[in-house]
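Spelled out from the first residue to the last, the chains are:
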Amino acid sequence: MSQWIYFFDLCGTAVFALSGALAAGKHRMDPFGVIVLASVTAIGGGSIRDVLLGTTPVFWITNHTYLIVILATVIACLILVRKPHKLPSITLPVADALGLALFTIIGAQKALLLGHSGMIAVVMGLITGVGGGIIRDVLCRQVPMVLRTEIYATASIVGGICYTLCLASGVNSMTSMFLAMFSTLIIRLSAIRWHLSLPAFDLKTKRH
Amino acid sequence: MSQWIYFFDLCGTAVFALSGALAAGKHRMDPFGVIVLASVTAIGGGSIRDVLLGTTPVFWITNHTYLIVILATVIACLILVRKPHKLPSITLPVADALGLALFTIIGAQKALLLGHSGMIAVVMGLITGVGGGIIRDVLCRQVPMVLRTEIYATASIVGGICYTLCLASGVNSMTSMFLAMFSTLIIRLSAIRWHLSLPAFDLKTKRH
Amino acid sequence: MSQWIYFFDLCGTAVFALSGALAAGKHRMDPFGVIVLASVTAIGGGSIRDVLLGTTPVFWITNHTYLIVILATVIACLILVRKPHKLPSITLPVADALGLALFTIIGAQKALLLGHSGMIAVVMGLITGVGGGIIRDVLCRQVPMVLRTEIYATASIVGGICYTLCLASGVNSMTSMFLAMFSTLIIRLSAIRWHLSLPAFDLKTKRH
């Protein structure tokens, strides 16, 4: 079981590293800048989670595999992604959605294993899922995805609640994980595909 | 006594959550985005303080009341604040000033309780007071209030020094708290009202 | 030996505080805002390092000297730097490069002393070196230097690798330090002087 979680964690790391590297490519950064942005995106959310929970040194210090996965992803990306016009514009959002789904579960899982409540698990899932992307967007001076009206934080929160509820209802760990990941992914991808959004809270002064 | 501090802490949380929610409303975010921004504003400063002091898991993980206060504030805000043109433009700065005053004391208090010096207490008051607002402003891509010339960090630092000096001079805890909060609030509100500012440190090249 | 490291640490602190204060001056901040930005720049990277490594309370809480050095630097800067047009435009980048070199070594050193691997030492050197500057640039709403194509993260990573390799090859501690600092400094200053950059990873869609 825990091997699957570890495998998902590494997948999420690779996927977010890719999303960071692609964002770096849009800003014409040099290879080491690409590594920095890819790393921050991939391990930023989990680092914030570990630091808030007090489980330091954070996960990637005690296990080098994460940094190696990031390095490999960046190198592969630098070598393979050379024809930008062949890269569909949807690549970054989809990679990001997959990472969001994977990391939400990882974060919620970790909080529950430490004995925290379902509420904290949902919050930690959210932090793990959106933290890295927020740092990436802030560094690239973009409005963080989480601030835009397209359903983003919502997808992570729904995934986290789904995971916690499934576990609480006695659904087995693996099924809970897949259900939660699937719900986050389907919500986020639908939002991207059909430009869905919840009704916005709008305080902008309107002129009549 | 400590009940008063706890009560102030929750007030500050609600007030900063409101300021975060109002900022979110200006950016037309969806309800879950509003929750994220309100939370970050309300517990961001205190989280940074706890993480730097090493008192992890941070306060809102071990006590759910803070998250519940934020949720309640956001829901109330989403339901009640529906007529933006009836909301005076001064609401956000004033809510922010009140939060600044409350959180400065809470932060200084916590550092002193942990046995740190008055200097660290002032710094922790400042971090608790301005941290959440800085994160809110960075995420909304605004110049952080603390960077603008209107007296902001100054108000928190004066409040923190006032609190530490009062306690050191034997003034009782409650009076010290009120004096410090009052001084922060009066300085910040005066600065807002009359656009006061300290002389700026200005290195912008002037054209002659 | 460890006295030299401490001395370099304080030098780096002063130099980064100066770079933060100069950035604040470009944004016309008030004196306390200058202190905040100078502090964040000077101790931001080291604080992130300590928090990730779990060595909390962070270094400047247990040793007041850092805050005093920052205060002294800011006061000196406010008094002395009064003629902006006499300040060469190269001052900020050069101060920043010196801080980068000093802090890279300090960070790598700390990780090694805690028993972490060379890889983590390089990463911690990088975080200590670029962390404060990134926060400064984000707060000032500038594209972080580390994101620009001019060699920046690269200089720190090369310095960190050089330091770790020297120590591993049995070079004595002091020589390793100087070699590593010199390599970082020479790379970064050359990059500034001749506008060197590594080939950028460029995904910007080109029009044909």
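Remember, predicted model here, so these are calculated numbers, not experimental data.

S.K.: Can you lay out the pattern of salt bridges for me, pointing to particular residues and giving the numbers?
M.R.: Scanning all chains against the criterion turns up nine salt bridges over all chains. Between Asp50 of chain B and Lys110 of chain B there is a salt bridge whose closest N-O contact spans 3.0 Å. With Asp50 of chain B in helix α2 (residues 31–53) and Lys110 of chain B in helix α5 (residues 91–113), this residue pair connects regions lying 60 residues apart in the sequence. Owing to a relative accessible area of 0%, Asp50 of chain B belongs among the buried residues under this scheme. With relative accessibility at 24%, the residue Lys110 of chain B sits in the partly exposed group. Shared partners join several salt bridges into a network, and the residues in it are Arg49, Asp50 and Lys110 of chain A.

S.K.: Give me the lowdown on the relation of the copies chain A and chain C, citing residues and values where you can.
M.R.: Of the transformation superimposing chain A on chain C, the axial component is 0.0 Å and the angular component is 120°, with the fit at an RMSD of 0.0 Å. The transformation relating the two chain copies, once decomposed into turn and shift, fits a three-fold axis. Of every C-alpha in chain A, the one belonging to Val51 of chain A sits nearest the axis of rotation, 3.9 Å from it. In this assembly the copies use different faces: only 9% of the residues contributing to the interface of chain A also contribute to that of chain C.

S.K.: So what's going on with unusual backbone geometry? Residues and values would help.
M.R.: What you tend to see is this: most non-glycine residues have negative phi, and most peptide bonds are trans. Here the amide bond leading from Thr56 of chain A into Pro57 of chain A is cis, since omega sits at -5°, within 30 degrees of zero. With respect to the element layout, Pro57 of chain A can be found in the loop between α2 (31–53) and α3 (59–62).

S.K.: So what's going on with the packing of α2 of chain A against helix α6 (residues 118–139) of chain A? Which residues, and what values?
M.R.: Residues and elements named next belong to chain A. Where α2 meets α6, the axes come as close as 7 Å, and the angle between the chain directions of the two elements is 140°. Overall, the two elements α2 and α6 adopt an arrangement that is oblique. Of the two possible hands of crossing, α2 and α6 adopt the one that is right-handed. Between α2, through Leu37, Val40, Thr41, Gly44, Gly45, Gly46, Ile48, Arg49, Leu52 and Leu53, and α6, the contact on the second element is made entirely by Met124, Ile127, Thr128, Gly131, Gly132, Gly133, Ile135, Arg136 and Leu139. Residue classes in the contact of α2 with α6 are distributed as nine nonpolar, eight polar and two charged.

S.K.: Tell me about the state of the cysteines, and name the residues and values.
M.R.: The full count for this structure, using the stated rule, is zero disulfides over all chains. No disulfide involves Cys166 of chain B; its nearest neighbouring cysteine sulfur is the one of Cys162 of chain B, lying 4.2 Å away. With no disulfide of its own, Cys77 of chain C has Cys140 of chain C as its nearest cysteine by sulfur position, at a separation of 13 Å.

S.K.: Can you lay out the nonpolar core for me, pointing to particular residues and giving the numbers?
M.R.: Counting 203 residues, the largest nonpolar core has Trp60 and Met124 of chain A, Trp60 and Met124 of chain B together with Trp60 and Met124 of chain C as its most contacted members. In contact with Met124 of chain A, not counting residues within four places along its chain, are Arg49, Leu52, Leu53, Gly107, Ala108 and Ala111 of chain A together with Trp60 and Ile61 of chain B.

S.K.: Requested: an account of the UniProt feature "transmembrane region" (unreviewed entry) in chain A, with residues and values cited.
M.R.: Taking the UniProt record as the reference, the feature "transmembrane region" (unreviewed entry) is found at residues 6–25, 32–52, 58–81, 93–112, 118–139 and 151–171 of chain A. The span residues 58–81 of chain A carries 83% helix and 0% strand; its end-to-end C-alpha distance comes to 31 Å.

S.K.: Tell me what's going on with α2 of chain B, and back it up with residues and numbers.
M.R.: All names here are of chain B. Over its 23 residues, α2 extends 33 Å from the first C-alpha to the last, a length consistent with the 33 Å expected when each residue adds 1.5 Å. Maximum bend of α2: about 50°, positioned at Ile43. Of all the 23 residues making up α2, 19 are buried; the element is thus mostly covered by neighbouring parts of the structure. A positive phi of about 85° marks Gly54, the residue just after α2.

S.K.: Outline the interface of chain C and chain B, supporting the account with residue identities and numerical values.
M.R.: Contact with chain C, which involves 35 residues of that partner, is made by 33 residues of chain B. Here chain C packs against chain B, burying approximately 2,900 Å² in sum over the two surfaces, 74% of which is carbon and sulfur. Counting across the interface, chain C meets chain B through two residue pairs in polar contact (both at pLDDT 80 or more). At the level of secondary structure, the elements contributing two or more residues to the side of chain C that touches chain B comprise α1 (2–26), α2 (31–53), α3 (59–62), α4 (65–80) and α6 (118–139) of chain C.

S.K.: Can you break down the packing of α6 of chain C against helix α7 (residues 153–168) of chain C residue by residue, with the values?
M.R.: Residues and elements named next belong to chain C. At a minimum axis distance of 9 Å, the contact between α6 and α7 shows a crossing angle of 140°. At the point where α6 passes α7, the crossing takes the right-handed sense. Residues Gly118, Ala121, Val122, Gly125 and Leu126 of α6 touch α7, and the partners they reach there are Ala153, Ser156, Ile157, Gly160, Ile161 and Thr164. Residues of the contact of α6 with α7, tallied by class, amount to six nonpolar, five polar and no charged.

S.K.: Can you tell me about the relation of the copies chain C and chain B, naming the residues and giving the values?
M.R.: What relates the two chain copies is a rotation about an axis together with a slide along it. The two copies are related by a screw operation: chain C maps onto chain B through 120° of rotation and 0.0 Å of translation along the axis, at an RMSD of 0.0 Å. Interface overlap between copies is the fraction of interface residues in one copy that are interface residues in the other; for chain C against chain B it is only 9%, indicating separate surfaces.

Rules used throughout
Residues numbered from 1 in each chain as written. Chains lettered and ligands numbered in written order. Predicted model: local features only at pLDDT ≥ 70, side-chain atom pairs only at ≥ 80, totals over all residues. Heavy atoms only, no water. Salt bridge = Lys/Arg side-chain N within 4 Å of Asp/Glu carboxyl O. Helix = DSSP H or I, 4+ residues; strand = E, 2+ residues; numbered from the N terminus. Buried < 20%, exposed > 50% of the residue type's maximum accessible area, 1.4 Å probe, protein only. Least-squares fit on C-alpha atoms with pLDDT ≥ 70 in both. Contact = heavy atoms within 4.5 Å. Axes fitted to C-alpha atoms, helices over the stretch in contact; angles between N-to-C directions. Parallel < 35°, antiparallel > 145°, perpendicular 65-115°, else oblique. Left-handed = near helix turned anticlockwise from the far one by under 90°. Nonpolar A, V, L, I, M, F, W, Y, C, P; charged D, E, K, R; others polar. Disulfide = S-S within 2.5 Å. Core = buried A, V, L, I, M, F, W, Y, C linked by side-chain atoms within 4.5 Å. UniProt positions renumbered as here; feature names shortened; annotations may be inferred. Expected span 1.5 Å × (residues − 1). Bend = angle between axes of the 7 residues up to and from the residue. Buried area = accessible area lost by both parts, 1.4 Å probe. Polar contact = N/O pair within 3.5 Å; in protein donor to acceptor, adjacent residues only side chain to side chain.

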